[in-house]
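Next come the chains, spelled out residue by residue.
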Amino acid sequence: MRSEPASAFGLHDGNGRSPDLVQPGEDRGHRQVNVRGQAVPPVGLVLSGGGARGAYQGGALAAIAEICDGRANPFHILVGSSAGSINASFWAGHADDIGQGGRLLRQLWSQVTAEQVFRTGALSMGGLGLRWMTDLSLGGLIGTAGPRALLDTTPLAALIEKLIPFGKIAQNIERGDLGAVAVTAVDYFTSSAITFVQGRPELPMWVRQRRRSERTDLKVEHVVGSSAIPLFFPPAQIGNRFFGDGCLRNSTPLSPALHLGAERLLVIGVRSQSGQDEFGESVDFRPSVARVMNVLLNAVLLDGIEVDIERLERINRTVRSFPEEQRPRLPFRSVDIVWIHPTRDIGKMAQERSHHLPAILRYLMKGLGPVEDASEIVSYLLFEPEFCGELVELGYRDTMARRAEIEWLLGIGERARVAS
């Protein structure tokens, strides 16, 4: 018997419908070969969102590239939403040389500055703030449509276009270095989550309640749209549609990877799971605007991946409750998964470095409430080398600490050698 990875979870579509389910024994695509010459089921990489928290994933991916040690890209399917779409697209563009890709991604996140993401000048940010105040107070009289966001992210689009080799993605897919890459964004008109997929032509597309896929060649605007944090970053235009952060409607963030044929999953989240839930009555607690926004942004950007994995755990327990000989006849099966997440509270880390926010943004944030109430918001917007560099190193260390599980999942290393 082989040893189990961190967890093994069931396959689902989020609504209990069988059309999404991969039948046992069904071959849905490319299989790599492990050290014993055995076929390894296609592995999907799922990256969640969170603004500057994406630096944690940069460090984790650098560690994975090092673990692979010159081997080919181990992920057949790449799926990203919000900041995860930046990392997924970057990895897809470097799938032919993940060693270099990992090093560049680590360097990128360690050196990123706020000026590379949004305009930080007092004139630009002050002008946006003045427009917000004018339109909120006088909009009924002067009839303006109002600004689209609190920040001008024109620099982010330029940075993404410069750093991600979108033209190489098609080449990597054609050569077999990659099966597909997908990024999710939300259509602000229909309120549906759209997963934009670039991959082999035989890969299936899907339509579900409030979510569907579209085949396309990924470009800057897809990644910018997926990364557009609501209220803070403006929507991105793709054709005649406008898109926002991919986590807004992403209640089943693992589903796209499974639709596209992944049979194992490596998931990299951006929120600590150690003792974050506190139960009990709050006594005379009056939340500030910052605290309310913290809760809203967490619910929008971070909760989906955790809820989906929790759901998969329940399904997997159901699968394991059946005798092994009966499991092939079930309408669903288990999916091996390793979930990497921060071992430190990123919100608290950001709170300690909130003074590094651009001055005008720090001034505006103070109007929302105490900095400790705004720590999560700060963690999304603190594009600053010291903070992001610390997240990169945390992601690297956390991933290396799970090396044995990752090697098992990818079919490399000693655990793969002894697996039966």
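Residues numbered from 1 in each chain as written. Predicted model: local features only at pLDDT ≥ 70, side-chain atom pairs only at ≥ 80, totals over all residues. Heavy atoms only, no water.

Visitor: An account of the packing of aromatic side chains is needed here, citing residue identities and associated values.
Guide: Summed over the entire model, instances satisfying the criterion amount to three aromatic pairs. Just above the ring of Tyr-396 sits the side chain of Arg-106; from NZ or CZ to the centre is 4.3 Å. Between the NZ or CZ atom of Arg-264 and the centre of the ring of Trp-408, over which it lies, the distance is 4.3 Å. (Phe/Tyr/Trp six-rings, centres within 6.5 Å; stacked < 30°, edge-to-face > 60°. Lys NZ or Arg CZ within 6 Å of the ring centre and 35° of its normal.)

Visitor: Give a description of the packing of helix H2 (residues 83–93) against helix H3 (residues 98–111) that names residues and reports values.
Guide: Running from amino to carboxyl end, H2 crosses H3 at an angle of 145 degrees, the nearest separation of the two axes being 9 Å. The interaxial crossing formed by H2 with H3 has right-handed handedness. Facing Asn-87, Phe-90 and Trp-91 of H2, the residues of H3 in contact are Ile-98, Gly-101, Leu-104, Leu-105 and Trp-109. Classifying every residue of the contact of H2 with H3 gives six nonpolar, two polar and no charged. (Axes fitted to C-alpha atoms, helices over the stretch in contact; angles between N-to-C directions. Helix = DSSP H or I, 4+ residues; strand = E, 2+ residues; numbered from the N terminus. Left-handed = near helix turned anticlockwise from the far one by under 90°. Contact = heavy atoms within 4.5 Å. Nonpolar A, V, L, I, M, F, W, Y, C, P; charged D, E, K, R; others polar.)

Visitor: Provide a residue-level description of the side chain of Arg-264, including the pertinent values.
Guide: Tracing the chain through its elements places Arg-264 in strand E12 (residues 264–268). Its relative accessible area of 11% is what places Arg-264 among the buried residues. Here the side chain of Arg-264 touches Trp-408 through a polar contact of 3.3 Å, landing on its backbone oxygen. A polar side-chain atom of Arg-264 sits 2.8 Å from the main-chain carbonyl oxygen of Leu-409. (Buried < 20%, exposed > 50% of the residue type's maximum accessible area, 1.4 Å probe, protein only. Polar contact = N/O pair within 3.5 Å; in protein donor to acceptor, adjacent residues only side chain to side chain.)

Visitor: Describe helix H6 (residues 166–175), listing the residues and the values that go with them.
Guide: Within H6, burial applies to Phe-166, Ile-169, Asn-172 and Ile-173. Summarising the axial view, the buried residues of H6 lie within an arc of 100 degrees, below the 170-degree limit, and thus occupy one face. In this structure, H6 carries Gly-167 and Glu-174 as exposed residues pointing more than 90 degrees from its buried face. Where H6 is buried, its residues meet H2, helix H5 (154–163), strand E6 (180–187), strand E7 (193–199) and helix H7 (220–226). Downstream of H6 by one or two residues, Gly-176 has phi in the positive range, about 90 degrees. (Arc of directions from axis to C-beta.)

Visitor: Report on the environment of Ser-375, specifying residues and quantitative values.
Guide: One can find Ser-375 in helix H13 (residues 375–381). Residue Ser-375 is classed as buried on the basis of its relative accessible area of 8%. Ignoring anything within four residues of it in the chain, the contact list for Ser-375 reads Asn-294, Gly-347, Ala-350 and Gln-351.

Visitor: Quick one: what's the story with the side chain of Asn-87, residue by residue and with numbers?
Guide: Locating Asn-87 in the fold gives a position in helix H2. Among the residues examined, Asn-87 registers a relative accessible area of 0% and is labelled buried. Not counting residues within four places of it along the chain, the set of residues in contact with Asn-87 comprises Leu-47, Gly-54, Gln-57, Gly-58, Leu-61, Leu-105 and Trp-109.

Visitor: Lay out the packing of H2 against H6 with the relevant residues and their values.
Guide: At a closest axis distance of 7 Å, the pairing of H2 and H6 adopts a crossing angle of 60 degrees. Considered as vectors, H2 and H6 are oriented oblique to each other. Here Ser-89, Ala-92 and Gly-93 of H2 lie close against H6, whose contacting residues are Phe-166, Lys-168, Ile-169 and Asn-172. Across the contact of H2 with H6, the residue classes tally to three nonpolar, three polar and one charged. (Parallel < 35°, antiparallel > 145°, perpendicular 65-115°, else oblique.)

Visitor: Tell me about the pattern of salt bridges, and name the residues and values.
Guide: One pass over the structure, following the stated rule, counts 17 salt bridges. For Arg-264, the salt bridge identified is with Asp-336, shortest N-O distance 3.6 Å. Highlighted residues: Arg-264 in strand E12 and Asp-336 in strand E13 (residues 334–340), separated in sequence by 72 residues. By the burial criterion, Arg-264 is buried, and Asp-336 matches it. Glu-407 serves as the salt-bridge partner of Arg-403, at 3.0 Å between the closest nitrogen and oxygen. Of the two residues, Arg-403 and Glu-407 both sit in helix H15 (residues 403–410), four residues apart, roughly one turn of that helix. (Salt bridge = Lys/Arg side-chain N within 4 Å of Asp/Glu carboxyl O.)

Visitor: Now, about the confidence of the model for the protein chain: what can you tell me, with residues and values included?
Guide: For the protein chain, per-residue confidence averages 81 on the pLDDT scale, and residues scoring 70 or more make up 79% of the total. Here residues 136–140 is modelled with pLDDT under 50, and outside its nearest four sequence neighbours on either side it reaches three contacts, counting other chains as well. Across residues 415–420 the pLDDT falls below 50, and counting only partners more than four positions away or on other chains, this stretch makes 18 contacts in the model. (pLDDT = per-residue confidence, 0-100.)

Visitor: A description of the pairing of E6 should follow, citing residues and the corresponding values.
Guide: The element E6 is extensively covered by neighbouring structure, given that eight of its eight residues are classed as buried. The pairing of strand E5 (residues 77–81) with E6 spans five bridges and is classified as parallel. Looking across to E6, one finds that Ile-77 is bridged to Ala-180. Of the pairings in the sheet, the one linking E6 to E7 comprises seven bridges and is antiparallel in character. Paired with Val-181 across the strands is Gln-198, a residue of E7. (Pairing = 2+ DSSP bridges.)

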